[in-house]
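Residue strings, one per chain:
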Amino acid sequence: MLSAKRVGNRIIGNPEQTVSTISTETYLKGLVRDPRHEAVNYLTSLFPILGWISRYNWGWLTGDLIAGLTVGMVLVPQGMSYAILATLPPQYGLYSSFVGVLTYCFFATSKDVSIGPVAVMSQTIAQIIIYVDSRYPDKWEATQIATTVAFVCGFIVLGIGLLRLGWLVELIPAPAVSGYMTGSAINIVAGQVPSLMGISGFNTRAATYEVIINTLKGLPRTALDAAWGLTGLFSLYAISIICKQLSKRYPRRARLLFFVSVTRNAFVVIVLTIAAWLYCRHRKTSSGKYPIAILETVPPGFQDVGAPVIDSELVKALAPQFPVATIILLLEHIAIAKSFGRVNGYKINPNQELIAIGVTNTLGTLFHAYPATGSFSRSALKSQSGVRTPLAGIFTAMVVIVALYGLTPAFYWIPNAGLSAVIIHAVAGLVASPSQVYTYWRVSPLEFIIWWAAVLVTVFSSIENGIYTSIATSFALLLIRMAHPRGYFIGKVTLTRNSTESREVFVPLRKDGVTNQYVKVDPPTPGVIVYRFEESYLYPNCSLVNSAIVDYVRENMRRGIDFSTIQLADRPWNDPGPTRGNSQAAEAANNERPALHAIVLDFSGVSHIDTTAVQALVDTRNEVQRWANRPVEFHFATILSPWIRRALVAAGFGIGTPAVQLSDEIAPVVPHHGGRREKWDDASSLGIEDIEAHSGSLPPTSGTVPIVPIETPFFHFDLASAVRAAEAGVEKPSERVDTPPPAKYT
């Protein structure tokens, strides 16, 4: 009486005698060896500060103090400028600045990144506010809309980080990020020029090209603000250029000149503010307006600190805008953090950085801050100032606090044109340089096209559409590369050294642009095909690989069926063979080709395989055997994963099972019973050795222990041993046995 286990195995089709393969139990045990230890590590990893704070010293403090104060002097004017860019009161930029730099130091894995208001995010917030106001006029204040975006997007990013899904950010390539940042920078600069020049009368939030056209038309209407704006912009660039040139001429003074250069934002804003005060204080009109646009009243300190007001109806109204805001938080910050980690020799943890961004924005809503993320300009400044640890953010927060509680009366006279100059000067650095763009072309022309697509869509449409375009084109390129993999039929080249040492290497039979075109490549032994995969073998690309192998077999290997002996009515409709008048010539040409004996598949480039791909491989086996009218060996070299081995074994590969015992389908979409199967005469009756059972395919051994288990003789450690095993069983011309006429198709 069969046991319940054997009955169950028969029902599901599990063979009673199986080859040992990796099990899910083994995998899960290796994945989580000590759950308690893993849980402790996970919790401690949430606070990277615990790993270095105990080693903090006076040397680090000096570097952090200098860097923190330096960044603070830049952050205060930039924060207010970006808040105005976001169509928010200027103090909200200081709120975001304070929370960003203070919170980040506890969760950071990058010492250089400075979190706070940034231009692209501020411009996006402005667009979101316009979007909501156009659909729900005067229903919610701009500050509530911005705070709600920070709260929801912060929780989304925090969840991504806690679930360790930071790898999703890696799906967006660097050229795509650079493209939308370049387009966004152009968009922001174009939108700030009217404020810089005092030009009004049109929508500065329209498409970039429209803003540029309207600005040019409005040049005759340039107002007095341009005196402050152009002077400020010229001064910012002049100080920067002069300091750089003097640093080259006087290297010993480079450090001093650097700090002179980094204070240019604060210096220019102070000078412009004094000039505005001197000019405007006695020129207030009866309507309360001044000759130029100034900030006017900036409330001191934090206003209305407490739990944010989250309106569910507002959340629903903002739902279409959350994806673009979240993407900006993710991409810009991770790109900046990776860049500075790469330059300064340390590695960031993307998941932890996302947690830092998420916590910063969710806690920021308690202070009514709007979304904050990593700033490239301030991060570069922080790095160049000699920062030693993330604790420098605390000193930057102190500068912001001083500004909030002690300098707000002076902010009254800051000219808006001067803040526009600060924005333009900061944002212009985000535009990719010609050499950077040319590098994209040299490395990958397709990604160069993605870069241009992101820039053009951003300029002629919007930042939101530019981001979606860069992501969509990146995904399309990824899918194309997956669905159209490179693969080569390869041959051998013998390399010699000193006429005594030699070894065989395997290179593509056709010219590939990598190997020397004048090197002679010897094909494998007639009857053997060697194919190298260069991508994972998955459902998007398995059909193309199947077609490539089958087509190559049909073009280069002998057809095993003599169609001259088969009546036209008995031939398959999709493969009728040669016509009557051409049958003899076709048969003669066919007999000149070698009989297919073995196919060697180099899996050294395959890291994953799935069910559809395994089924395609089974289909390939069936089709080539149908063409050859005999069993064909399949050898596999350099299998990288135990899961690939398990999948191949499940399909009957590698274990020496005669092909006539294998199923045509291992993954039927719809259960199918019956149908036609090709059958070959018993090999022993024809005097032909059973090619799936001969000992010539034994794997190489290391000492007395096989490198590859002998229960899978058609899996090989390297390509050389696989080719030798395949060639060992090829029939010599003198040993060839004539086969009887094949049976008719039925």
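Conventions used here
- Residues numbered from 1 in each chain as written.
- Predicted model: local features only at pLDDT ≥ 70, side-chain atom pairs only at ≥ 80, totals over all residues.
- Heavy atoms only, no water.
- Helix = DSSP H or I, 4+ residues; strand = E, 2+ residues; numbered from the N terminus.
- Buried < 20%, exposed > 50% of the residue type's maximum accessible area, 1.4 Å probe, protein only.
- Contact = heavy atoms within 4.5 Å.
- Areas by Shrake-Rupley, 256 points an atom, 1.4 Å probe, with all protein chains shown as cover.
- Expected span 1.5 Å × (residues − 1).
- Pairing = 2+ DSSP bridges.
- Salt bridge = Lys/Arg side-chain N within 4 Å of Asp/Glu carboxyl O.
- Axes fitted to C-alpha atoms, helices over the stretch in contact; angles between N-to-C directions.
- Parallel < 35°, antiparallel > 145°, perpendicular 65-115°, else oblique.
- Left-handed = near helix turned anticlockwise from the far one by under 90°.
- Nonpolar A, V, L, I, M, F, W, Y, C, P; charged D, E, K, R; others polar.
- Patch = residues over 30% accessible without salt bridge, like charges linked within 9 Å, V, L, I, M, F, W, Y side chains within 5 Å.
- Core = buried A, V, L, I, M, F, W, Y, C linked by side-chain atoms within 4.5 Å.
- Polar contact = N/O pair within 3.5 Å; in protein donor to acceptor, adjacent residues only side chain to side chain.
- Lys, Arg positive; Asp, Glu negative; His and termini not counted.
- pLDDT = per-residue confidence, 0-100.
- Phe/Tyr/Trp six-rings, centres within 6.5 Å; stacked < 30°, edge-to-face > 60°.

Attention now moves to the overall build of the chain. When its secondary structure is counted, the chain shows 27 helices and ten strands. Burial statistics for the chain: of 746 residues in total, 48% are counted as buried. In the chain, 80% of the contacts between residues at least 6 apart in sequence involve partners at least 24 apart. Split by element, the accessible area of the chain, about 37100 Å² in all, is 60% carbon and sulfur.

For the rest of this paragraph, the subject is helix α12 (residues 264-280). Over its 17 residues, α12 extends 23 Å from the first C-alpha to the last, a length consistent with the 24 Å expected when each residue adds 1.5 Å. Looking at the buried residues of α12, the elements they touch are α4 (58-85), α10 (225-249), α11 (254-262), α18 (408-411) and α19 (416-427).

Moving on, we come to the pairing of strand β4 (residues 501-508). The pairing of strand β3 (residues 487-497) with β4 spans eight bridges and is classified as antiparallel. Across the sheet, T496 pairs through a bridge with S502, a residue of β4. With antiparallel pairing between neighbouring strands as the criterion, β3 and β4 make up a hairpin whose turn holds three residues, including N498 at a positive phi of roughly 60 degrees.

One pass over the full model with this rule turns up seven salt bridges. E313 serves as the salt-bridge partner of K139, at 2.4 Å between the closest nitrogen and oxygen. Placement of the pair is K139 in the loop between α6 (119-135) and α7 (142-162) and E313 in helix α13 (residues 312-318), with a sequence separation of 174 residues. On the basis of relative accessibility, which here comes to 41%, the residue K139 falls in the partly exposed class. Assessed through its relative accessible area of 37%, E313 is described here as partly exposed. As a salt-bridge pair, R486 and E534 come within 3.4 Å of each other at their nearest N and O atoms. Here R486 is found in the loop between α22 (463-483) and β3, whereas its partner E534 is found in the loop between β5 (528-533) and α23 (542-556), with 48 residues between them in sequence.

On to the pairing of β3, then. Judged from the three bridges that link them, β3 and β5 form a sheet pairing that is antiparallel. When the sheet's bridge partners are listed, Y488 is paired in β5 with R532.

Another point: the packing of α23 against helix α25 (residues 611-628). Taken N-terminus to C-terminus, the directions of α23 and α25 make an angle of 15 degrees; their axes are 9 Å apart at the nearest point. Relative to α25, α23 is oriented roughly parallel. Once α23 is placed against α25, the crossing between them reads as right-handed. Every residue of α25 that contacts α23 at C542, N546, I549, V550, V553 and R554 is listed here: T612, A613, A616, D619, T620, E623, V624 and W627. By residue class, the composition of the contact of α23 with α25 is eight nonpolar, three polar and three charged.

For the rest of this paragraph, the subject is a nonpolar patch on the surface. On the surface, a cluster of nonpolar side chains totalling about 430 Å² of accessible area is made up of W167, L168, L171, F475 and L478. Residue placement: L168 occurs in the loop between α7 and α8 (174-197).

Within the largest apolar cluster, 112 residues are counted, with the highest numbers of intra-cluster contacts made by I125, Y180 and Y370. If you tally residues by element for this core, the top one is helix α14 (residues 322-344), at twelve residues. Ignoring any residue separated from it by four or fewer positions in sequence, one finds I125 in contact with A86, A146, V149, Y370 and P371.

So, about the sheet that holds strand β10 (residues 715-716). What holds strands together in a sheet is hydrogen bonding between their backbones, with the strands either parallel or antiparallel. In space, the six strands of this open sheet follow the order β4-β3-β5-β6-β7-β10, with mixed pairing throughout. Two strands close off the open sheet at either side, each with one partner strand: β4 and β10. Of the strands in this sheet, β3, β4, β5, β6 (598-602), β7 (633-637) and β10 are in contact with helix α27 (residues 719-728), which crosses β7 at around 165 degrees.

Any two packed helices are characterised by the angle at which their axes cross and by the distance between the axes. With their axes 7 Å apart at the nearest point, α7 and helix α15 (residues 350-364) run at an angle of 155 degrees to one another. The angle between α7 and α15 places the two elements in the roughly antiparallel class. Between α7 and α15 lies a crossing whose hand is left-handed. Packed against α7, whose contacting residues are A150, F151, G154, F155, V157, L158, I160, G161 and L162, the element α15 presents N351, L354, I355, I357, G358, V359, N361 and T362 at the interface. For the contact of α7 with α15, the residue count by class is eleven nonpolar, six polar and no charged.

Below, the discussion takes up the side chain of T396. Residue placement: T396 occurs in helix α17 (residues 392-406). A relative accessible area of 3% places T396 in the buried class. Within the local environment of T396, its side chain forms a polar contact with the backbone oxygen of G68, the two atoms lying 2.9 Å apart. Not counting residues up to four positions away in its chain, the partners in contact with T396 are G68, V71, G72, L75 and V101.

Looking now at unusual backbone geometry. Positive phi is not limited to glycine here, since R164 has a value of about 60 degrees. Along the polypeptide, R164 turns up in the loop between α7 and α8. Residue class for R164 comes out partly exposed when judged on its relative accessible area of 26%. In this structure, H368 takes a positive phi of about 60 degrees despite not being glycine. The exposure class assigned to H368 is buried, which follows from its relative accessible area of 18%.

Bringing the side chain of E447 into the picture now. The residue E447 is located in helix α21 (residues 445-460) in this model. We note that E447 is buried and unpaired, the nearest opposite charge coming from R481 at a distance of 4.3 Å. Those residues in contact with E447 that lie beyond four places of it in its chain are P173, P175, L477 and R481.

For the rest of this paragraph, the subject is the confidence of the model for the chain. In this model, the chain carries an average pLDDT of 85, and 86% of its residues clear a pLDDT of 70 or more. Note on residues 681-697: pLDDT under 50 across the span, and 36 contacts to partners over four residues away in sequence or across chains. The model gives residues 733-746 a pLDDT under 50, and that stretch makes 21 contacts with residues more than four places away or in other chains.

Take the packing of aromatic side chains next. One pass over the structure, following the stated rule, counts 30 aromatic pairs. With centroids separated by 4.9 Å and ring planes inclined at 65 degrees, the aromatic side chains of F489 and Y531 adopt a geometry described as edge-to-face. One end of the pair, F489, is in strand β3; the other, Y531, is in strand β5, with 42 residues separating them in the sequence. The residues F489 and Y531 share a single accessibility class, namely buried.

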